[in-house]
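# A look at the structure
These are the residues of each chain, in order.
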Amino acid sequence: MMDELFLIIGLGNPGLKYINTRHNVGFDTIDYIAAKNNIKVSRLKHKAYIGEGTIEGHKVVLAKPQTYMNLSGESVRDMVEWYKIDMSNLILIYDDVDIPLGKIRIRPGGSAGTHNGMKSVIYNLQRDDFPRIRIGIGQPPEGWDMADYVLGKFPKEERELIDSSILRAAQAACMIMDLGINAAMNKHNS
């Protein structure tokens, strides 16, 4: 149905010091989708910056929760309840250290893995049956603290690779809306 609403949420941390960090590739993807589709993600509502618009005939709400990563679920739950979103129309985009740098993985549901933002989302929604697009940021180098790694910025030599992952994640989100999760998984889970 073309009049269904999709809620596309990128996870990240608010504030200037977190811009371009590994943990904020979800925000970066929302920014990319918003810019490409001329949607302003600037209204503060549901503990998130949101923007409403249309992408290829689909009504969408793009959102960047402002609760900090570990409390993302509070904002996501508010939006799901407010917009009365069907779980299959909720698309979450976030970083994943368990996926190699530059790869993306799409799944129709499942556990949070090691990701605290997703743990918060699943805890708050009390379910895990919604599409997610994970952007691989790779494992920290030997001896690195995980928090320092995910809150660090990409070195210049990794930036181009991550930018192309963000582009593919944006394309995958649009494909989920247009053709469904299976088509998106078949194309992007290589």
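Read on for a plain summary of the structure.

### A word on the overall build of the protein chain
Secondary structure summary: the protein chain contains six helices and seven strands in total. Seen in sequence order, the protein chain has helices and strands lined up from the N terminus as β-α-β-β-β-α-β-β-α-β-α-α-α. A compact globule built from 190 residues should have a C-alpha radius of gyration of about 16 Å, and the protein chain, at 15 Å, falls within 12% of that. A principal-axis box enclosing the C-alpha atoms of the protein chain has dimensions of 50 × 30 × 30 Å. When the 190 residues of the protein chain are sorted by exposure, 54% land in the buried category. Here the contacts in the protein chain between residues at least 6 apart in sequence split such that 70% fall between residues at least 24 apart. Accessible surface, the protein chain as shown: approximately 9,100 Å² in total, 52% of it carbon and sulfur.

### Remarks on the packing of aromatic side chains
Taken as a whole and judged by the stated rule, the model has two aromatic pairs. Summarising the aromatic geometry, the rings of Y18 and Y68 are spaced 6.1 Å apart at their centres and angled 80° between planes, so their arrangement reads as edge-to-face. With a gap of 50 residues between them, Y18 in the loop between β1 (5-10) and α1 (25-36) and Y68 in the loop between β4 (58-65) and α2 (72-83) connect regions that are remote in the sequence. Ring centres of W144 and Y149 lie 5.9 Å apart, and the angle between their planes is 80°; on these two criteria the pair is classed as edge-to-face. Across the ring face of F27, the terminal group of K64 is positioned such that the distance to the ring centre comes to 5.4 Å. Sitting over the face of the ring of F130, R132 holds its NZ or CZ atom 4.6 Å from the ring centroid.

### Concerning the nonpolar core
By size, the foremost hydrophobic cluster in this structure holds 35 residues, and its most contacted members are I8, I93 and I133. L7, A48, I85 and M87 belong to the second largest nonpolar core, which has 23 residues in total.

### Structural notes on unusual backbone geometry
For N38, which is not a glycine, the phi torsion comes out positive at approximately 55°. Relative to the assigned elements, N38 resides in the loop between α1 and β2 (43-45). N38 gets classed as exposed once you look at its relative accessible area, which sits at 76%. For E56, which is not glycine, the phi torsion reads 45° and is therefore positive. With respect to the helices, strands and loops of the structure, E56 is situated in the loop between β3 (48-55) and β4.

Analysis parameters
- Residues numbered from 1 in each chain as written.
- Predicted model: local features only at pLDDT ≥ 70, side-chain atom pairs only at ≥ 80, totals over all residues.
- Heavy atoms only, no water.
- Helix = DSSP H or I, 4+ residues; strand = E, 2+ residues; numbered from the N terminus.
- Rg over C-alpha atoms; globule rule 2.2 N^0.38 Å.
- Buried < 20%, exposed > 50% of the residue type's maximum accessible area, 1.4 Å probe, protein only.
- Contact = heavy atoms within 4.5 Å.
- Areas by Shrake-Rupley, 256 points an atom, 1.4 Å probe, with all protein chains shown as cover.
- Phe/Tyr/Trp six-rings, centres within 6.5 Å; stacked < 30°, edge-to-face > 60°.
- Lys NZ or Arg CZ within 6 Å of the ring centre and 35° of its normal.
- Core = buried A, V, L, I, M, F, W, Y, C linked by side-chain atoms within 4.5 Å.

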